[in-house]
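Observations on chain architecture
The chain contents come next:
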Amino acid sequence: MGLSFDNLNDLQLDALREIGNIGAGNAATALSKMVNKKVTMTVPRVALLPIKEVPNWLGGPEKEVLGVYLAVSGEVTGHILFIMTVENALKLMRMLLGDLAPSDISAVFEPDEMSASAMNEIGNILASSYLTALADFTGLRLDHSVPSLAVDMAGAVVDLILIEIAKHGDYALLIETEFVEEEDHVEGYFMLIPDTGSLEIILKALGVV
Amino acid sequence: MKKSSIGMAEYKVSKDPEEVLCILGLGSCVGLCLYDPVRKIGGMVHILLPEKIEKQNNPFKFAETAPQALLEEMKREGALKRDIYAKISGGAMMFSGSNSLFDIGQRNVEMTKKALAELGIPIKAEEVGGKKGRSIFFYVKDGKLEVRAIGREIITL
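Residues numbered from 1 in each chain as written. Chains lettered and ligands numbered in written order. Predicted model: local features only at pLDDT ≥ 70, side-chain atom pairs only at ≥ 80, totals over all residues. Heavy atoms only, no water.

Attention now moves to the overall build of chain B. Tallying secondary structure elements over chain B gives 2 helices and 10 strands in all. Ordered by position from the N terminus, the helices and strands of chain B form the series β-β-β-β-β-α-β-α-β-β-β-β. Computed over its C-alpha atoms, the radius of gyration of chain B comes to 14 Å, within 12% of the 15 Å expected for a compact globule of 157 residues. Along the first, second and third principal axes, the C-alpha atoms of chain B reach 45 × 40 × 25 Å. Scored against the burial criterion, the 157 residues of chain B give a buried share of 54%. When contacts within chain B are restricted to residue pairs at least 6 apart in sequence, long-range pairs at least 24 apart make up 63% of them. (Helix = DSSP H or I, 4+ residues; strand = E, 2+ residues; numbered from the N terminus. Rg over C-alpha atoms; globule rule 2.2 N^0.38 Å. Buried < 20%, exposed > 50% of the residue type's maximum accessible area, 1.4 Å probe, protein only. Contact = heavy atoms within 4.5 Å.)

Our focus in this paragraph is the environment of Ile-47 of chain B. The topology assignment puts Ile-47 of chain B in strand β5 (residues 41-47). Spatially, the C-alpha atoms of Ile-47 of chain B and Phe-95 of chain B are 19 Å apart, while their sequence positions differ by 48 residues.

A few words on the UniProt feature "domain: CheC-like protein" (unreviewed entry) in chain A. The positions that UniProt labels "domain: CheC-like protein" (unreviewed entry) are, in the present scheme, residues 12-46 and 114-149 of chain A. For residues 114-149 of chain A, helix accounts for 69% and strand for 14%, while the C-alpha atoms at its two ends are 13 Å apart. (UniProt positions renumbered as here; feature names shortened; annotations may be inferred.)

Next up on the list: helix α3 (residues 86-97) of chain A. All names here are of chain A. Between the first and last C-alpha of α3 there are 16 Å, a value that for 12 residues agrees with the 16 Å anticipated at 1.5 Å per step. Counted residue by residue, α3 has 9 buried out of 12 residues, so it is predominantly covered. Looking one or two places after α3, you find Gly-98, whose phi comes out positive at around 60 degrees. (Expected span 1.5 Å × (residues − 1).)

Take the interface of chain A and chain B next. Taken together, the 26 residues of chain A in the interface contact 27 residues of chain B. A combined buried area of about 2100 Å² lies between chain A and chain B, and 69% of that area is made up of carbon and sulfur atoms. At the surface where chain A touches chain B, the tally comes to 0 salt bridges. Residue assignment for the side of chain A that touches chain B shows that the elements contributing at least two residues are β2 (64-74), β3 (78-85), β5 (148-153) and α6 (154-166) of chain A. It is α6 of chain A that provides the largest number of residues to the side of chain A that touches chain B, a total of 9 residues. Along the lines of polarity and charge, the residues of the side of chain A that touches chain B split into 15 nonpolar, 5 polar and 6 charged. (Buried area = accessible area lost by both parts, 1.4 Å probe. Salt bridge = Lys/Arg side-chain N within 4 Å of Asp/Glu carboxyl O. Nonpolar A, V, L, I, M, F, W, Y, C, P; charged D, E, K, R; others polar.)

Shown next as structure tokens:
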């Protein structure tokens, strides 16, 4: 029986939290460069949770959300889902794109090319930043796929990941992420879901097994 | 009306005409409804994966085994197989791209249909595939299935 998320100790959680913090730092730097203004990111919470609770966190299974999915490959494999409510997605686009951002929520559902590529790019930057932090800590070689975007009901956006998790475990590492630009702030959730065995490889490389 | 939400890999069979069985935010999963119109018995199952996985013994999780398992539960409540029909929805492709994971909705639908065909249960109506998530509502009193998606009229099957 391999390690699973439901039997991690505090030391292991601390190590994963630290990766979350460093990943957020990397991502903030990259986002600031991309938009040429200061964006900071904080990680108010790192949690392991049954992923089926995610829709409830976001406001219920029918809550309208934006999700960016990437597959993780390399020495560990798994999935990344960055997810936020459409209201937060619109705020984030305004924060990053300024006047070029869509003017209302409906544009988040039918994003034009510019908005879609901006959201994909944010997903890309977040994924790269967290994976780079993880790779630096562990010395593992990690890669990720191109991002893919969905704007729909939370339950429907998350169920693909749930299906994948249902094959082996029931938990995801959830890194709550807050983007801050001056006084405005936006909340999103970055989820890393390692495949069976991959979590064990990560924790071994971190020296906490 | 009382709504009962069916979670992933869960099912419910009901004879209560006031009850509406529902799945909220259905993406690549499949919602299978079975109905005995003579005895007014309805059943719904929220299917995740096409093929069953070894050492996992919840038959309601897999399209390969869920139709038969739900049929057995319907019979236990007094339904007769010769009268039962099916309605199905779900199986969307929420993310697009070349990842094989993204095809799971389509594979769920195909396997559900295959399993129903093997049992000899006719599919009376379906609203499957596409790129949009759905919420579905199945009325025990008459077997009506309502399908809702964001930015679209309600479809009644």
